Structures are given as structure tokens and as C-alpha cells.
Amino acid sequence: MQIEENKSLKEYNTFGIECSAKYFVAVTSVIELQQILSEKKFENRFIIGGGSNMLLTKDIDALVIHLNLKGKKIISETDSVVTLQAMAGENWHEFVQYCINNNFGGLENLSLIPGNVGTAPIQNIGAYGVELKDTFISCEALEIATGKKRTFTKEECNFGYRNSIFKNEEKGNYIITSVTFQLTKKAHKLNTGYGAIKEKLAEKNIQKPTIAAISEAVIEIRQSKLPDPKKLGNSGSFFKNPVISSEKFQQFKIANPKAPYYEISATEYKIPAGWLIEQAGFKGKRFNDAGVHKNQALVLVNFGNATGDEIWQLALKIQQAVKDQFDIYIEPEVNIF
Ligand code: EPU
């Protein structure tokens, strides 16, 4: 394990923000991670997995630990299901592809989401009608303060929409080292109800989709709307879709009869933040190197040399404009540091 000083983090965050870590180390095993956590010299630690859900607005005055834990193994299997464990540093999309190639069903709708396996539970990643929690069994983690191992069951993770215990009570307390999933080997439960998937499968004339066909459809949809972080720095959806009360929704609907919405329950409605931001006039707008993606207004982008603070100032401007126009507060999904 080599500890570097004043290391650039540009390659380690998908926004491609230039900022530096006072100290930096990449760990390749849980034992190495425990060793570095027991090192009292570094009191402040900052964990980076895939770096896909963070906006860095300043240099990190801490030991940045990059989780490079690799590997996957089958814990148990029957004729119909497999219980599979993947280490935190596995790239999410490569893991999904591995599952599809082995005909393990359940993750296909989550194809092409940037980031790593270990960060997926933190925000309960989701897309096209599926969330991580649907196949999640448990995860293993190390407590940062003590280096002790702990297993979190699904119930303990307290998953919600882009939310979990790791963004709330246990924020900053644990490092997820592996995640265990239960996937199907046959009679896959296909999720093709989401409008865009239905349309894509119809366009390709696929009547009986396989998990591979669904994954392909998702990849095509995502590629058409969402920028590839390798080409254009971004962190996926920057904001969560806001949830409003039915009273507020009734007024909103009268003022905005054409707005898309999802009914969550009898008392709550979700409004796509992308639509609100587009209506507020920000879609495709650019301020120096910070901008709003031209195909999906929910995605903020770095055209090259934007600072984290420039992106953050743009986010605040958008938040204020949406509040002024619709009296709706949109909350960042991305973690701001
Ligand atoms: N819309 C606009 N303008 C825009 C963007 C969207 O009018 O610029 C409208 C669309 O026309 C559509 C609605 O908003 O009627 C919803 O758009 P979309 O289907 O693209 O999904 P989203 O609600 O904007 C969410 C997730 C995405 C996920 C997609 C598909 C959140 C915060 N985002 O986006 O997740 O891929 O659904 O399931 O829930 C991510 O979290 O990083 C992410 C990309």
C-alpha cells in the first residue's frame, strides 16, 4: 500500500472535477483497509468508490481511501435462484453484464449506471422501474472508527427512493466492502412496464424479451439521453424527483396541465425534476464549463474545466428558479463535499 501526497482526484470522480487529496491510498483487500483504518496518523478519512455520485467543491484535507476491492463469488444456488456476492470495487455495469452473460436475472434494468457495486446501496440506485433493493440480500461493511466488520440486512439498510441508512443515521460511519444479491436463474421477473422500455422493445420488434434484450434496450435508452462520464463529466441525475402532497399537486396540475407526474399514493405525487428544470429554461444552458445536459435537464455536466463550486452555484441557481416558478423544492441526489 502506497500513500501518496497531494494527489489529483480528477480521475476518481465522474464529474471530472480537478481537486486534490492531501493523502491518497488505494486498497485492494479488506485486510489492507483494516490496516489503514487502524493507522492513527490519519484521523480524517474520505472514501471514494466509483466516484459517480459526488460533487467535490474543495480540496480534501484527509486521507482519501480508494476502494479497489475486486471479486465475485456464488454463495449458494438452487435450480431457480443464485445468491451472489460482489466486492465493492467491482464496476457496476461490468457486474450487471457478468450476471446477464450467466443468465442471472434481476439487474438488467440497472444496466449502464455509472459507479461501483459498493456505492450502489448507499443511494439505492434505480432505473426503469427497478431498484437495487429488489435483489439486495445484505452487505458487509467495516466501521470506520473501529475497523470492525458488520453485516447489514436489507431491513437494516432502510432503503427508500435514492436513500438508505448510509445517507442518514450511519452517514460516514461505515465502508461497504461487498454486496450480496439474490438473482433468478429461470422464470425471470421481467420489468418491461416502464414506457421507454416498452417503446424501445416495440421499435426493435421484440415480443418475448430475454434479460439480455432488456439490458440492450436500457443501454440504448440511456445512451440516447444520458452523457457518458468518460466523454462529458457528470454524476447522473443531479437532483431527486420531488414528492409533493396531493393538495399541492391539485394546484400544480391546474397551473401546469401538461406536466408529467407519477402518483405514489393517495396523498403523494412525484414530479420529474427534469421537466421542472426544462420549464425553468435551463436545459442545454452553459455557464463557462458548467452546464445542463441538452437531452436530460436533470443532469449537470462539466464541459472540461468547471470547478466543483461552479457546478454547485449552477445547481443553486436552478434550485432557486424552480422554487420561484413552481414553489417546489428540488433536493440534490448527489453528495456535495
Ligand atoms: N423530462 C423533461 N425534460 C427533461 C428530462 C425529463 O421534460 O429534460 C420529462 C420526460 O419527458 C419524462 C419525465 O420528465 O416525462 C421523466 O424523465 P425520465 O424518464 O428521463 O426519468 P427521470 O425521472 O428524469 C429517473 C431517474 C434516472 C433514471 C430514469 C429512468 C431520478 C432522480 N432519476 O429520471 O436515474 O435513469 O428515471 O428510470 O429518479 C440517476 O439517478 O442518476 C438516474 C439517471
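Anyway, here's the lowdown on the structure attached to this text. Residue numbers here run from 1 along each chain, matching the order of that chain's written sequence. The predicted origin of the model limits local features to residues at a pLDDT of at least 70 and limits the giving and counting of side-chain atom pairs to 80 or more, whereas totals for whole chains, interfaces and linings rest on all residues. Note: side-chain values were computed over all heavy atoms of the structure, leaving out hydrogens and water.

Here the focus is the sheet that holds strand E5 (residues 60–67). Strand pairing requires that DSSP identify at least two bridges connecting the strands. Numbered from the N terminus, helices here are DSSP runs of H or I no shorter than four residues, and strands are runs of E no shorter than two. Strand order across the open sheet formed by 4 strands is E1-E2-E5-E3, with mixed pairing between neighbours. The sheet terminates laterally at strand E1 (4–8) and strand E3 (45–48), the two strands that pair on one side only. Shown here is a sheet whose adjacent strand axes are inclined to one another by a mean of 45°, direction ignored. Pairing of strand E2 (residues 20–27) with E5, which is carried by 6 bridges, proceeds in the parallel orientation. From the neighbouring strand, valine 27 faces E5, where its bridge partner is leucine 67. Helix axes use the C-alpha atoms of the stretch in contact, all axes being lines fitted to C-alpha atoms, and the angles between their N-to-C directions lie in the range 0 to 180 degrees.

Residue tyrosine 128 is not a glycine yet carries a positive backbone phi of 50°. Note that tyrosine 128 resides in the loop between strand E8 (126–127) and strand E9 (130–131). Relative accessibility decides the category of a residue: with a 1.4 Å probe and only protein chains considered, values under 20% of the type maximum give buried, values over 50% give exposed, and everything between is partly exposed. According to the relative accessible area criterion, tyrosine 128 is buried, its value standing at 11%. Within the chain, arginine 162 stands out as a residue other than glycine whose phi angle is a positive 50°. Structurally, arginine 162 is set in the loop between helix H3 (154–157) and strand E12 (174–184). Residue classification places arginine 162 among the buried residues on the basis of a relative accessible area of 13%.

Our next topic: the packing of helix H2 (residues 92–101) against helix H5 (residues 211–225). Close contact between H2 and H5 brings their axes to 10 Å; oriented N to C, the two are set at 150°. Judged by the angle between their axes, H2 and H5 are roughly antiparallel. Read as a crossing pair, H2 and H5 show a hand that is left-handed. Packed against H2, whose contacting residues are His93, Gln97 and Ile100, the element H5 presents Ile211, Ala212, Ser215 and Ile219 at the interface. Under the scheme applied, nonpolar residues are Ala, Val, Leu, Ile, Met, Phe, Trp, Tyr, Cys and Pro; charged residues are Asp, Glu, Lys and Arg; polar residues are all the others, including Gly. Of the residues belonging to the contact of H2 with H5, the class tally is 4 nonpolar, 3 polar and no charged. Any angle from 65 to 115 degrees is called roughly perpendicular, while one under 35 is roughly parallel, one over 145 is roughly antiparallel, and all others are oblique. By the definition used in this description, the sense in which the near helix is turned from the far one sets the handedness, with an anticlockwise turn below a right angle giving left-handed and a clockwise turn giving right-handed. Throughout, a residue-residue contact means that at least one pair of heavy atoms, one from each residue, lies within 4.5 Å.

Working definition of a nonpolar core: buried Ala, Val, Leu, Ile, Met, Phe, Trp, Tyr and Cys residues. They are joined through side-chain atoms within 4.5 Å. Counting residues in hydrophobic clusters, the biggest one holds 39 residues, and the most contacted among them are Trp92, Phe95, Leu107 and Phe181. Broken down by secondary-structure element, the contributors of at least two residues to this core are strand E7 (81–87), H2, strand E10 (136–143), E12, helix H4 (195–203) and H5. With sequence-adjacent residues up to four places away left out, phenylalanine 95 is seen in contact with Lys72, Leu84, Ala86, Leu107, Val117 and Phe181. Of all hydrophobic cores here, the second largest spans 32 residues; its members include Phe238, Ile277, Ala290 and Val322.

For the rest of this paragraph, the subject is the site of the ligand. By nearness alone, 25 residues border the ligand, and Tyr128, Tyr161, Ser237, Glu278 and Gln296 come closest of all. Each polar contact in these results corresponds to two N or O atoms within 3.5 Å; when the atoms are within protein, one needs to be able to donate a hydrogen and the other to accept it, and residues that are neighboring in sequence are counted only if both atoms are side-chain atoms. A distance of 2.8 Å separates an oxygen atom of the ligand from a polar backbone atom of serine 237. Measuring from an oxygen atom of the ligand, one finds a side-chain N or O atom of glutamine 296 at 3.0 Å. The protein chains shown are the only cover counted for residues, whose accessible areas, like all others here, come from Shrake-Rupley with a 1.4 Å probe. The fraction of the free accessible surface of the ligand (830 Å²) that becomes covered by protein chains is 82%. Within the residue set of the shell around the ligand, elements represented by two or more residues are E8, H5, strand E13 (233–237) and helix H7 (273–279). Here the shell around the ligand gets 3 residues from one element, more than from any other, and that element is H7. Residues of the shell around the ligand, tallied by class, amount to 12 nonpolar, 6 polar and 7 charged. The residues that make up the shell around the ligand include at least three from each of domain 2 (72–184) and domain 3 (233–336). For each residue, the test is whether any non-hydrogen atom lies within 4 Å of the molecule or strand; if one does, the residue is near. Annotation comment: domain bounds sourced from an automatic or database domain assignment.

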